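In case you want the letters, here they are:
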Amino acid sequence: MSMSSPFPFQLNCSLFHRFSTLKSTLFSSSIKVPLPRDVQLFPLRLDVSKTAKNTCLKLLDAFVDSMFQFVHQPLLPSQSNFAPVDELKEVVVVTQIEGNVPDDFSEGVYIRNGPNPLFGGLRSAVSVFGTSNEIWVEGEGMVHALYFDKASDEIGSWSVYYTNRYVETETLKIEKQRNKPLFLPAIEGNSAAIISAYLLNMLRFGKVNKYLSNTNVFEHGGKFYSIAEHHIPQEIDILTLKTLGNWDVNGSWNRPFTSHSKRAPNTGELVIIGVDGTKPFLELGVISADGKRLIHKVDLKLNRCTLCHDLGVTERYNVIMDFPLTLDVQRLVRGGPLIKYNREEYARIGIMPRYGDGESIRWFDVQPYCIFHILNCFEDNHDEVVVWGCKALDSIIPGPDMGLNKHHWFSTRFKHPYINDQHSSTNGEEAEGSLFSRCHEWRLNMKTGEVKETYLSGFQFSMDFPIINGLFTGLKNRFGYTQILHSQASSISGMAKYGGLAKLYFEELHQNCNLGDNQFEEIIKVEYHKFDKNTFCTGAAFVPKTGADEDDGWIITFVHNEDTNISKAYIIDTKNFSSEPVAKITLPSRVPYGFHGAFMPITLPKLKHQLPENECL
């Protein structure tokens, strides 16, 4: 789905003041919850002995067990590949390959993250306070890895291995010990149900929500991480996929960490942002190229909690997307939704110097939009900053208001948008097609303050999950790639399915382009790679060919055929983009749909030693 974990935030503990009445009805006055100003994880402290503390926690558990009922949310047949799979842990040799892994393909690992619900993600909690719900997005993170080992210099001598593993966050360990769901859903549902879930989760575990780590994977300073933006990254062993622990940049970063950090051109520094439910709503950090030091941290002075899923970088600037998808605790307390997208509110893009402060940001007002993923940003003609991203008219998060049919709500918005003679947007109250996402360009003039906006892609396909050749991050590039939504299949299932890929030629105009009326037609040239019927992909990544042109390389992605229930990995030659994949690798396990993938060029000296003898080639 074109979204990430739906709660990239932490809530400051001072919110307990708002719930004091509810708290006093449930618990002894001897329990005192600390209220530090800025806490992400803290132990529960009680003004009583250890024995009394354990007794109180047991009473809390008993209260939750008696008052809250977990109700399973079954998947529809059209949603079958969103269901979880078993954890393998061991590496398995892959032998069934149609075509050939290119001889000049990179040795390394293709790894993709995504939800694999175990104790959460497909449940609701029902109580006297109302109902709060989980969604598939909130499933525990599982990474799926496909290793490419160049056994020798001989042509066609590749060895391929596959494995998967849960990202073992602190909260997953807690629930594994009890072997049952413990955390109450605290994002979507009735206001009273969310507030009670928030309070009880904090009292029992010191955390509002589970740490899922299910959205992205990245490398920095020679180490590898799994991430979802409501928590800090977890370091993983890239060979065993074992979780090694939290990465807080040597104790200097104490808030959530974006799912889409960006490596700055030239310096190799990592630029990050972190969203919080109370002020400061958004902070930006710059981490040294070796990953050992936080060399810059600043409050961006936002006056609302915007759920920024992505950020951009150029050679000199950081790019901040402030759009009207917000998290508002005051709104929740008043009985409204915790997370809401309001297209009537303002949208703007901020450009700040790499090491600037909140006062140094130059804000540009733009048309209201919803954007989760930036394709690239760069400086053009010295005075302009260009931002390319995937823009929709509505947000896939948080979904419908309570009382509305969730499947109908998503199905309607995934439909291909109705286009009349004047404009395209939505179709009456049903907002038909409002999740349709198109490649969009913002040109921001740093000298004059002028903003120029235009769509680059038309209405043939909805595009999201953009990728580029990573060597061009923050620099002017000529090519980009996206997954393309299969509108009909997504509408039927009520969940996003991607039936192909697109290659964008930013410096070539579409052959039928009319620059005077670009609302519907594609402005730039777009080439498509479509999959077979009922075959859908996730986690596409670009693998560059060493020393070659920007667009010379391969796209690798996991695909699943819903008719055969078989998952494969496709390797597609980007110079022959519409042609059949050069290799189709049949996997030993079904790979559920997920989020972002990456290719990590590494040598694999230890991998063969992890295999049982009878599995080695």
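Residues numbered from 1 in each chain as written. Predicted model: local features only at pLDDT ≥ 70, side-chain atom pairs only at ≥ 80, totals over all residues. Heavy atoms only, no water.

**Structural notes on the overall build of the protein**
No. 1: Looking only at helices and strands, the protein features 7 helices and 36 strands.
No. 2: Looking at the 617 residues of the protein, the share that counts as buried comes to 62%.
No. 3: Once local pairs closer than 6 in sequence are excluded, the contacts in the protein between residues at least 24 apart make up 66%.
No. 4: Roughly 24,100 Å² of accessible area belongs to the protein as shown, and the carbon and sulfur atoms make up 48% of that amount. (Helix = DSSP H or I, 4+ residues; strand = E, 2+ residues; numbered from the N terminus. Buried < 20%, exposed > 50% of the residue type's maximum accessible area, 1.4 Å probe, protein only. Contact = heavy atoms within 4.5 Å. Areas by Shrake-Rupley, 256 points an atom, 1.4 Å probe, with all protein chains shown as cover.)

**Regarding the confidence of the model for the protein**
No. 1: Of the residues in the protein, 85% reach a pLDDT of 70 or more, and the chain-wide mean stands at 87.
No. 2: Across residues 1-46 the pLDDT falls below 50, and counting only partners more than four positions away or on other chains, this stretch makes 147 contacts in the model.
No. 3: Throughout residues 611-617 the model reports pLDDT below 50, and contacts reaching past four residues in sequence, or to other chains, amount to 13 contacts. (pLDDT = per-residue confidence, 0-100.)

**Describing the pattern of salt bridges**
No. 1: On inspection of all chains with the given rule, the structure shows 33 salt bridges.
No. 2: Residue lysine 210 pairs with glutamate 175 through a salt bridge whose shortest N-O separation is 3.2 Å. Of this pair, lysine 210 sits in the loop between helix 4 (191-205) and strand 10 (216-220) while glutamate 175 sits in helix 3 (residues 170-178), placing them 35 residues apart in sequence. Neither lysine 210 nor glutamate 175 differs from the other in exposure class; each is buried.
No. 3: Each of Asp380, Glu384, Glu441, Arg443 and Lys476 takes part in one network of salt bridges that share partners. (Salt bridge = Lys/Arg side-chain N within 4 Å of Asp/Glu carboxyl O.)

**A few points about the sheet that holds strand 36 (residues 597-601)**
No. 1: The sheet built from 5 strands is open, its strands ordered 2-8-7-4-36 with antiparallel pairing. Because the sheet does not close on itself, it has two edges, and the strands there are strand 2 (92-94) and strand 36. Shown here is a sheet whose adjacent strand axes are inclined to one another by a mean of 25 degrees, direction ignored. (Pairing = 2+ DSSP bridges. Axes fitted to C-alpha atoms, helices over the stretch in contact; angles between N-to-C directions.)

**Brief notes about the sheet that holds strand 23 (residues 362-366)**
No. 1: As summarised here, the arrangement of the 4 strands in space is 18-19-22-23, forming an open sheet in which the pairing is antiparallel. Two strands bound the open sheet, and with one partner strand each, they are strand 18 (312-313) and strand 23.
No. 2: Pairing between strand 19 (residues 317-322) and strand 22 (residues 347-353): 6 bridges, direction antiparallel. Paired with asparagine 318 across the strands is methionine 352, a residue of strand 22.

**A few points about the packing of aromatic side chains**
No. 1: Inspection of every chain in the model, using the stated rule, returns 32 aromatic pairs.
No. 2: Between phenylalanine 68 and phenylalanine 129 the ring centres are 5.9 Å apart and the planes differ by 25 degrees, which places this aromatic pair in the stacked class. Separated by 61 residues along the polypeptide, phenylalanine 68 in the loop between helix 2 (50-67) and strand 1 (69-72) and phenylalanine 129 in the loop between strand 5 (123-127) and strand 6 (130-133) bring together distant segments of the chain.
No. 3: Look at phenylalanine 68 and you get buried, because its relative accessible area is 8%.
No. 4: Ring geometry for phenylalanine 536 against tyrosine 593: centres 6.4 Å apart, planes inclined by 80 degrees, an arrangement best described as edge-to-face. With phenylalanine 536 in strand 32 (residues 535-544) and tyrosine 593 in the loop between strand 35 (583-586) and strand 36, this pair connects stretches of sequence that are 57 residues apart.
No. 5: You can call phenylalanine 536 buried: its relative accessible area is 3%.
No. 6: A residue is classified by how much of its surface remains accessible, and tyrosine 593, at 3% relative accessible area, is buried. (Phe/Tyr/Trp six-rings, centres within 6.5 Å; stacked < 30°, edge-to-face > 60°.)

**A look at helix 2**
No. 1: Look at helix 2: 26 Å from first C-alpha to last across 18 residues, which is about the 26 Å you get at 1.5 Å a residue.
No. 2: Among all positions of helix 2, only Cys56, Leu60, Asp61 and Val64 are buried. Summarising the axial view, the buried residues of helix 2 lie within an arc of 140 degrees, below the 170-degree limit, and thus occupy one face. Those residues of helix 2 that are exposed and aimed more than 90 degrees away from the buried face are Thr51, Lys58, Leu59 and Ser66.
No. 3: Buried residues along helix 2 sit in contact with helix 3 and helix 4. (Expected span 1.5 Å × (residues − 1). Arc of directions from axis to C-beta.)

**Let's talk about the packing of helix 2 against helix 4**
No. 1: Relative orientation of the contacting elements helix 2 and helix 4 amounts to 145 degrees, with a least axis distance of 10 Å. Between helix 2 and helix 4 the crossing geometry is left-handed. On helix 4, the residues that touch Leu57, Leu60, Asp61, Phe63 and Val64 of helix 2 are Leu200, Leu203 and Arg204.
No. 2: Of the residues assigned to the contact of helix 2 with helix 4, the class counts are 6 nonpolar, no polar and 2 charged. (Left-handed = near helix turned anticlockwise from the far one by under 90°. Nonpolar A, V, L, I, M, F, W, Y, C, P; charged D, E, K, R; others polar.)

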